Amino acid sequence: MGIFRYRKPLLSCAIILAVLVLVSGGAIVRIRATSSWSALEAKAASLEILLQQRDYHRKALWGETHAGAAFDGYTRALELAEEMTADAGLIADTLPHRADHESAATDALRARWQEAVLLLQSSAHCVDARPTETFSRVGVLGRQAFSAARMLVNMMVLEVRHLRVSGKHRQAVELSLDAAAFGADYARSGSLSHQMLGSCLVAIAVHEAWPDEALQLLDCDSLGLLSDGMAHLAALLPSSIDYLGEQRFMVRSALAEPLESSDAANGSLLRYGFSSRWMVADRLGRMLACYERLAALPKDQPWPQREIAMQDEMDGFAVSNGLLCQVILPNLLAAETTLRTVHAEVLLLGMATDWRRGNVSPLVHDPMGNGPIAMDQVGYELAVYSHASYRGEPLHRCVTR
């Protein structure tokens, strides 16, 4: 009986101690979760301040620039385009853009899109290109809106082809430059998805709208306008990822979305005391720190060396953040490759138009190479090559005077 007299108090003490540990542990978890979440909110506020300080004013790629907010018009043009998604099949039937004969018998289709095209064209001349959409539109445009943006630019390039075939060369150049400005404004407007959408739109307006054979038909005035526009566009386009905009998107998404505990089943929440808030804030904080290190890499470094530096940073981050790295980081290399490829397309078109005008372009750095864009002149023919690739082939242009 004496043994049992001592066991009862010991058991009571053990229970009390366990309760105290659980309570204190819970308190620690709440403190850590609150602290991490507060740091995330502070980061969101600092990112907003930095982005608000950015100057989004820019000149139009051709002609006069007037007062107004470009994205007000862009948003309305996209809304109009979303209402006409039923035309997707008809638009696809007009492709590829180098097949000029496919622009015939499209009067009714082009007429339906005229309001959206004219609205976008006017908006491209507004001086203020600061994004003005709501958060849901800035962060996730949605598949339909992305599709609408591509259809709208494809319709503009279809109109460009119609103008070219009709001999209205200057009007064709003007319209293609406005479509390119729309894409460039999106490429500078925030999240990684926006940057990729903008790059896609610029590629359509530049590379697809002006195949080499189309340049051969342009008069000197139109060539000059296109050449000047490409020089302006090259200076406007980003050639590396805007990590600030992507960080803002990620933080705002985390703060806006309800937290879930789906990771509890595989034990991911255990190390965070089963606090989803602590887990999200901690993981995102480490992801943002990685982005800041990537943003600090020299932007003027040749791409082969920069690619290695980016990969090294990602590999180091993956050691302790494997799953997160596998989901997010591989997209960064692909995204920067896309940005640089589009930049190369703009430079090649500028060099080709200069040659057609009788000028010789100075050596231009290849965004995807380790030196200048290669130039091969034979008589009245010029070939320019980038280390970028297009549809599996080296990106190049070949024009004659």
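Higher on the page you've got the structure.
Only a predicted model underlies this, so the values are computations on that prediction, with no experimental measurement involved. (Residues numbered from 1 in each chain as written. Predicted model: local features only at pLDDT ≥ 70, side-chain atom pairs only at ≥ 80, totals over all residues. Heavy atoms only, no water.)

A.B. asks: Is there a simple way to explain the environment of D212 in this structure?
C.D. replies: Its place among the elements puts D212 in helix 10 (residues 212-215). Expressed as a C-alpha distance, the spacing of D212 and R98, which sit 114 residues apart in the sequence, is 9.1 Å. Once you skip the residues sitting within four places of it in the chain, D212 turns out to touch R397, C398 and V399. (Helix = DSSP H or I, 4+ residues; strand = E, 2+ residues; numbered from the N terminus. Contact = heavy atoms within 4.5 Å.)

A.B. asks: Whenever I open this one, the nonpolar core confuses me. Can you help?
C.D. replies: Buried together is how nonpolar side chains tend to be arranged in soluble globular proteins. Counting 108 residues, the largest nonpolar core has W113, W210, L226, L233 and L332 as the members making the most contacts within it. Tallying contributions element by element places helix 16 (residues 330-356) first for this core, with 13 residues. Ignoring anything within four residues of it in the chain, the contact list for L233 reads L61, A180, A184, V202, V206 and V346. (Core = buried A, V, L, I, M, F, W, Y, C linked by side-chain atoms within 4.5 Å. Buried < 20%, exposed > 50% of the residue type's maximum accessible area, 1.4 Å probe, protein only.)

A.B. asks: What is the right way to look at the packing of helix 8 (residues 169-187) against helix 9 (residues 192-208) in this model?
C.D. replies: When two helices pack together, their arrangement is given by the angle between the helix axes and the distance between those axes. Taken N-terminus to C-terminus, the directions of helix 8 and helix 9 make an angle of 165°; their axes are 7 Å apart at the nearest point. With respect to their mutual orientation, helix 8 and helix 9 come out roughly antiparallel. When you trace helix 8 past helix 9, the crossing you get is left-handed. In this structure, helix 8 uses S176, A179, A180, F182, G183, A184, Y186 and A187 to contact helix 9, whose residues at the interface are H194, Q195, L197, G198, S199, L201, V202, A205 and V206. Within the contact of helix 8 with helix 9, the residues separate by chemical class into 11 nonpolar, six polar and no charged. (Axes fitted to C-alpha atoms, helices over the stretch in contact; angles between N-to-C directions. Parallel < 35°, antiparallel > 145°, perpendicular 65-115°, else oblique. Left-handed = near helix turned anticlockwise from the far one by under 90°. Nonpolar A, V, L, I, M, F, W, Y, C, P; charged D, E, K, R; others polar.)

A.B. asks: Mind showing me how you'd approach unusual backbone geometry here?
C.D. replies: Residues L95 and P96 are joined by a peptide bond in cis, for which omega reads 0°. On the secondary structure map, P96 appears in the loop between helix 3 (88-93) and helix 4 (107-112). Positive phi, normally seen in glycine, also occurs at A105, with a value near 60°. For A105, the position within the fold is in the loop between helix 3 and helix 4. Positioned with a positive phi, R391 is a non-glycine residue whose angle comes to about 55°. Note on placement: R391 falls in the loop between strand 4 (381-390) and strand 5 (393-400).

A.B. asks: So what exactly am I meant to see when it comes to the pairing of strand 4 here?
C.D. replies: In summary, the side chains of a regular strand alternate between the two faces of the sheet. Sheet analysis places strand 3 (residues 374-378) next to strand 4, joined by five bridges and oriented antiparallel. What sits directly across from A374, in strand 4, is Y385. Sheet topology places strand 4 next to strand 5; seven bridges connect them, and they run antiparallel. Bridge pairing links L382 to V399 in strand 5. Between the end of strand 4 and the start of strand 5, which pair antiparallel, lie two residues, with R391 showing a positive phi angle near 55°. (Pairing = 2+ DSSP bridges.)

A.B. asks: Would you take a moment to explain the packing of aromatic side chains for this structure?
C.D. replies: The geometry of an aromatic ring pair is captured by the separation of the ring centres together with the interplanar angle, meaning the angle of the planes. This structure, assessed with the given rule, holds five aromatic pairs. An angle of 65° between the planes, with centres 4.8 Å apart, marks the rings of Y74 and F182 as edge-to-face. Residue Y74 is found in helix 2 (residues 70-82), and its partner F182 is found in helix 8; the two are separated by 108 residues along the sequence. With a centroid separation of 5.4 Å and 90° between ring planes, the pair formed by F182 and Y186 is classed as edge-to-face. (Phe/Tyr/Trp six-rings, centres within 6.5 Å; stacked < 30°, edge-to-face > 60°.)

A.B. asks: Got a minute to help me understand a nonpolar patch on the surface in this structure?
C.D. replies: Side chains of V360, L363 and M375 sit close together on the surface and give an oily, nonpolar patch of about 310 Å² of accessible area. Checked against the element boundaries, M375 lands in strand 3. (Patch = residues over 30% accessible without salt bridge, like charges linked within 9 Å, V, L, I, M, F, W, Y side chains within 5 Å. Areas by Shrake-Rupley, 256 points an atom, 1.4 Å probe, with all protein chains shown as cover. Salt bridge = Lys/Arg side-chain N within 4 Å of Asp/Glu carboxyl O.)

A.B. asks: Sorry, what's going on with the environment of L382 here?
C.D. replies: By the secondary structure assignment, L382 is in strand 4. Accessibility expressed as a relative area gives 3% for L382, which makes it buried. Sequence-wise, L382 and M351 are 31 residues apart; in three dimensions their C-alpha atoms are separated by 9.5 Å. Those residues in contact with L382 that sit more than four places away from it in its chain are M351, W355, M375, D376, Q377, R397, C398 and V399.

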